[in-house]
Amino acid sequence: MSFNGKFELQSHENFEPFMKALGLSDELIEKGKDIKSISEIVQNGKKFKVTVTTGSKVLTNEFTIGEEAELETPTGEKHKAVVQMEGDNKLVTNLNKIKSVTEIKGDLVTNTMTLGDISYTRISKRI
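Residues numbered from 1 in each chain as written. Predicted model: local features only at pLDDT ≥ 70, side-chain atom pairs only at ≥ 80, totals over all residues. Heavy atoms only, no water.

Let's talk about the pattern of salt bridges
Just so we agree on the cut-off: Between Lys or Arg on one side and Asp or Glu on the other, a salt bridge is scored when a side-chain nitrogen of the former is within 4 Å of a carboxyl oxygen of the latter. Relative accessibility decides the category of a residue: with a 1.4 Å probe and only protein chains considered, values under 20% of the type maximum give buried, values over 50% give exposed, and everything between is partly exposed. Secondary structure counts use DSSP, requiring at least four H or I residues in a row for a helix and at least two E residues in a row for a strand, with both numbered from the N terminus.
Inspection of the entire model under this criterion finds seven salt bridges. Put simply, K20 and D26 hold a salt bridge, and the shortest N to O gap is 2.8 Å. Accessibility expressed as a relative area gives 52% for D26, which makes it exposed. E27 is the partner of K31 in a salt bridge, and the nearest nitrogen-oxygen pair spans 3.7 Å. Residue K31 and its partner E27 are both found in helix 2 (residues 26-32); the two are separated by four residues, about one turn of the helix. Each member of the pair, K31 as well as E27, carries the same accessibility label: exposed. Counted as one network, the salt bridges with shared partners bring together E16, E30 and K33.

Here's what the structure looks like:
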C-alpha cells in the first residue's frame with residue numbers, strides 16, 4: 001500500500017499529557033493543542049520523506065526503510081533511528097524514548113507515539 005499523499009489532522013488524543021512528558025512548557029502546549037496540521041508523505045520504494053506543517057512550524061524527516069537515519073522529534077531534538085515496515089501499511093520506529101507507529105488504512109493515517117505509559121494518537125485524513 002502506498003503512503004503517498006497529503007493528510008489533514010482530524011483528531012488527536014492525549015496531546016497535553018504527552019507533550020508535558022516530553023518537557024514542553026504549558027504555554028507551548030496551549031498554543032499547539034488546537035492548531036491544525038498537514039502531513040505530506042512522499043514514498044519512492046523504500047525511501048520516504050515526511051513533512052508535517054503545524055502552524056508556522058515545519059518538521060521534515062527523510063529515511064529509507066531498514067537504514068539508520070537522523071530523525072527529528074516533535075520537540076526539535078534529533079536522534080538516530082531505524083524505521084521498519086510491518087506488512088505493507090505500517091511504519092514503526094523507536095526514537096530515543098518514543099515508540100512511533102504510523103499506520104495507513106484507506107484514506108486515514110493513524111500515528112501513535114508512546115512515551116512510558118502515555119500514548120498520543122493523531123488521526124489524519126487524506127485531502
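Back to the text.
Some details on the packing of aromatic side chains
Two descriptors summarise a pair of aromatic rings, namely the distance from one centre to the other and the angle between the planes of the rings. Going by this rule: In this scheme Phe, Tyr and Trp rings, the latter by its six-membered ring, pair at centre separations within 6.5 Å, and the angle between planes marks the pair as stacked below 30 degrees, edge-to-face above 60, and tilted otherwise.
Following the criterion strictly, the structure yields four aromatic pairs and no others. With a centroid separation of 5.6 Å and 65° between ring planes, the pair formed by F15 and Y120 is classed as edge-to-face. Placement of the pair is F15 in helix 1 (residues 15-22) and Y120 in strand 11 (residues 118-126), with a sequence separation of 105 residues. Given the relative accessible area of 12%, F15 is considered buried. What makes Y120 buried here is its relative accessible area of 2%.

Let's talk about the nonpolar core
Quick note on the threshold: Residue types Ala, Val, Leu, Ile, Met, Phe, Trp, Tyr and Cys, when buried and joined through side-chain atoms within 4.5 Å, form a set referred to as a nonpolar core. What makes two residues a contact is simply this: any of their non-hydrogen atoms within 4.5 Å.
The biggest cluster of nonpolar side chains holds 16 residues, and the ones touching the most others in it are F48, F63, L71 and L91. Only strand 3 (47-54), strand 5 (68-72) and strand 8 (90-95) provide two or more residues apiece to this core. A per-element tally of this core places strand 3 first, with three residues. Setting aside anything within four residues of it in sequence, one finds F48 in contact with F3, I41, V42, Q43, N61, E62, F63, I65, M85 and L91. The next biggest cluster of nonpolar side chains, apart from the first, holds eight residues, and it includes F15, M19, I29 and M113.

Topic: the sheet that holds strand 2 (residues 37-44)
So the rule is basically this: Any two strands between which DSSP finds at least two bridges are classified as paired. Helix axes use the C-alpha atoms of the stretch in contact, all axes being lines fitted to C-alpha atoms, and the angles between their N-to-C directions lie in the range 0 to 180 degrees.
What the nine strands build is an open sheet, ordered 4-3-2-1-11-10-9-8-7; its pairing is antiparallel. With one partner strand each, in any of the chains shown, strand 4 (57-64) and strand 7 (84-86) form the two edges of the open sheet. Averaged over all pairs of adjacent strands, the angle between their axes in this sheet comes to 25°, without regard to strand direction. Pairing geometry for strand 9 (residues 98-105) and strand 10 (residues 108-115), over eight bridges, is antiparallel. Across the sheet, K105 pairs through a bridge with L108, a residue of strand 10. Helix 1 contacts strand 1 (5-13), strand 9, strand 10 and strand 11 of the sheet and is inclined by roughly 125° relative to strand 11.

A closer look at the side chain of N111
Basically, it comes down to this: Between N or O atoms, a polar contact is any pair within 3.5 Å; within protein, one atom must be a potential hydrogen donor and the other a potential acceptor, and residues adjacent in sequence are included only when both atoms are from side chains.
Within the secondary structure layout, N111 lies in strand 10. Reaching out from N111, the side chain makes a polar contact with the side chain of S100 at a distance of 3.1 Å. A polar side-chain atom of N111 sits 2.8 Å from a polar atom in the side chain of T102. Residue contacts for N111: discarding those within four places in its chain leaves S100, V101, T102, Y120, T121 and R122.

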